[in-house]
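What follows is each chain in one-letter form.
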Amino acid sequence: MEAVTAPAISVKDLNIEIRSDRGSFPVVSEMNLTVAPGETLCIVGESGCGKSMTALSLMQLLPEAARVSSGTIEIDGTDFLKLSRRTVEDWRGEKIAMIFQEPLTALNPVLTVGEQIIEAVRQHRGVGKRAAFRRAVEVLKLVQMPDPERRAKQYPHELSGGMRQRAMIALAVACDPKIIIADEPTTALDVTIQAQILGLISELQKRLGTAQILITHDLGVVAEVADKVIVMYAGRKVEEASVYDLFDRPLHPYTRGLLGAMPRAVEHADGRLTDIPGTVPPLFDLPQGCAFAPRCPNASARCLNERPPFEEKAPGHWAACWEHDDAD
């Protein structure tokens, strides 16, 4: 019998709410996920669906107006949400790290790239400045930064977009974390550099054996790197499956709509992309039933009045849809 690998991170019943002039309202509801060492989970959905809020909560970096109202985030069997502020700061970088969407704003503009990596290495490894600088050059080389020793002495604004993202990745992996979260890591890059960065992230993940959570709206990226996929809509999971099952037989109409909008997924005789009519509802004013029902071509009266449970529809394939059997 094969040994069961313990998850690197396990999130259970996570709920996040935000305070506003309209009062408090949920932005992420009943989120559950697990990621094993060496596994890549992609979380996909339109802007405002809650995927970035989920990522920030895993790092305990939510904006001031937001908070985790309930749930657990277990790393090494310990609830990350119950640790002291000092311990949380120690764990960031050492156990869990993040690659941010825009490195020019995430990196400190008044410190060189090397100084920022050195600071993280000295904090978590307790080594001297020379050893930390050697580690900085080592990880810059690991992320295929050209002339890493010279780049380590440069400031973020002196680097190209692709180089800044490599520096951001180097900073994330400098202390060998068990979990890496990447929030839209290729959004600001051109197509060629996007492919290079995605290839680099995948290569590092395989080499280092880290658990990876990738936040994206691009299903083309998902097809390239994911082992399993969570599709979010209006703050909730609407589908979860292996990447193969999701692309082969999507069960939720929203997932079908996203796939239909992919140029490579188009199989219509006229070659046209499909679109999803309407807009995402505001999270402070969600419909009574399924949040996707007003935009769904398969919606019934039940969909408009009752929120469907998130259920296993096939082995390892979960969805929240009353009408998924009629969507084929």
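How each quantity is defined
- Residues numbered from 1 in each chain as written.
- Predicted model: local features only at pLDDT ≥ 70, side-chain atom pairs only at ≥ 80, totals over all residues.
- Heavy atoms only, no water.
- Helix = DSSP H or I, 4+ residues; strand = E, 2+ residues; numbered from the N terminus.
- Rg over C-alpha atoms; globule rule 2.2 N^0.38 Å.
- Buried < 20%, exposed > 50% of the residue type's maximum accessible area, 1.4 Å probe, protein only.
- Contact = heavy atoms within 4.5 Å.
- Areas by Shrake-Rupley, 256 points an atom, 1.4 Å probe, with all protein chains shown as cover.
- Pairing = 2+ DSSP bridges.
- Axes fitted to C-alpha atoms, helices over the stretch in contact; angles between N-to-C directions.
- Right-handed = clockwise from strand over helix to strand, strands pointing away.
- Phe/Tyr/Trp six-rings, centres within 6.5 Å; stacked < 30°, edge-to-face > 60°.
- Lys NZ or Arg CZ within 6 Å of the ring centre and 35° of its normal.
- UniProt positions renumbered as here; feature names shortened; annotations may be inferred.
- Parallel < 35°, antiparallel > 145°, perpendicular 65-115°, else oblique.
- Left-handed = near helix turned anticlockwise from the far one by under 90°.
- Nonpolar A, V, L, I, M, F, W, Y, C, P; charged D, E, K, R; others polar.

Engineer: Quick one: what's the story with the overall build of the chain, residue by residue and with numbers?
Structural biologist: Per the secondary structure count, the chain includes twelve helices and twelve strands. Taking 2.2 N^0.38 as the reference for a compact globule, 328 residues should give roughly 20 Å; the C-alpha atoms of the chain span a radius of gyration of 21 Å, in line with that estimate. Principal-axis analysis of the C-alpha atoms places the extent of the chain at approximately 65 × 55 × 50 Å. Scored against the burial criterion, the 328 residues of the chain give a buried share of 49%. A separation of at least 24 residues holds for 63% of the contacts in the chain among residues at least 6 apart in sequence. Surface summary for the chain: the accessible area is close to 16,000 Å², and the carbon and sulfur share equals 49%.

Engineer: Could you give an account of the sheet that holds strand β2 (residues 23-35), with specific residues and numbers?
Structural biologist: With respect to topology, four strands assemble into an open sheet ordered β2-β1-β4-β5, the strand pairing being antiparallel. Two strands bound the open sheet, and with one partner strand each, they are β2 and β5 (78-79). Summarising the sheet, strand β4 (residues 66-75) and β5 pair through two bridges and their orientation is antiparallel. Bridge pairing links E74 to D79 in β5. Packing of helix α1 (residues 51-58) onto the sheet brings it into contact with β1 (9-20), β2 and β4, and relative to β1 it is tilted by some 115°.

Engineer: I'd like to hear about the sheet that holds strand β9 (residues 228-233), residue by residue, with values.
Structural biologist: Read from one edge of the open sheet, eight strands run β6-β7-β8-β3-β9-β10-β12-β11, paired in mixed fashion. Only two strands of the sheet have a single partner each, and these edge strands are β6 (96-99) and β11 (311-314). Strand-to-strand twist in this sheet, taken as the mean axis angle between neighbours without regard to direction, amounts to 20°. The pairing of strand β10 (residues 236-242) with strand β12 (residues 317-319) spans two bridges and is classified as antiparallel. Each residue of the ladder has a partner; that of E239, found in β12, is A319. Set on the sheet, helix α11 (residues 253-260) makes contact with β9 and β10; between it and β9 the angle comes to about 105°.

Engineer: Can you break down the pairing of strand β7 (residues 179-183) residue by residue, with the values?
Structural biologist: Counting buried positions along β7 gives five out of five residues, so the element sits mostly inside the fold. With burial as the criterion, each face of β7 is covered, one bearing I179, I181 and D183 and the other bearing I180 and A182. Taken together, the four bridges between β6 and β7 define a ladder with parallel strand orientation. Bridge pairing in β7 places I99 opposite A182. Assessed by its sense of winding, the connection that carries the chain from β7 through helix α8 (residues 191-208) to strand β8 (residues 211-216) is right-handed.

Engineer: Now, about the packing of aromatic side chains: what can you tell me, with residues and values included?
Structural biologist: Summed over all chains, the structure comprises six aromatic pairs. Taken together, the ring pairs in this structure connect Y233, Y254 and F292 into an aromatic cluster. Sitting above the plane of the W91 ring, K95 keeps its charged end 5.0 Å from the centroid. The side chain of R302 reaches across the aromatic face of W322, ending 3.5 Å from its centre.

Engineer: Break down the UniProt feature "domain: ABC transporter" (unreviewed entry) in the chain for me, with residues and values.
Structural biologist: As annotated by UniProt and renumbered to match this structure, "domain: ABC transporter" (unreviewed entry) occupies residues 11-259. In residues 11-259, helix accounts for 42% and strand for 27%; the two terminal C-alpha atoms are 27 Å from one another.

Engineer: So what about the packing of helix α7 (residues 161-173) against α8? Which residues, and what values?
Structural biologist: The interhelical angle for the contact between α7 and α8, taken along N-to-C directions, is 15°, at an axis separation of 10 Å. In terms of orientation, α7 lies roughly parallel with respect to α8. α7 and α8 meet at a crossing whose hand is right-handed. Here α7 contributes G162, Q165, R166, I169 and V173 to the contact with α8, which in turn contributes I193, Q196, I197, L200, I201, L204 and L208. By residue class, the composition of the contact of α7 with α8 is eight nonpolar, three polar and one charged.

Engineer: Help me get a handle on unusual backbone geometry, residues and values and all.
Structural biologist: A positive phi angle, close to 45°, is found at E184, a residue other than glycine. Relative accessible area serves as the criterion here: at 8%, E184 is assigned to the buried category. Positive phi outside glycine occurs at A234, with the angle close to 50°. Tracing the backbone through its elements, the reader meets A234 in the loop between β9 and β10. Classification of A234 as buried rests on a relative accessible area of 6%.

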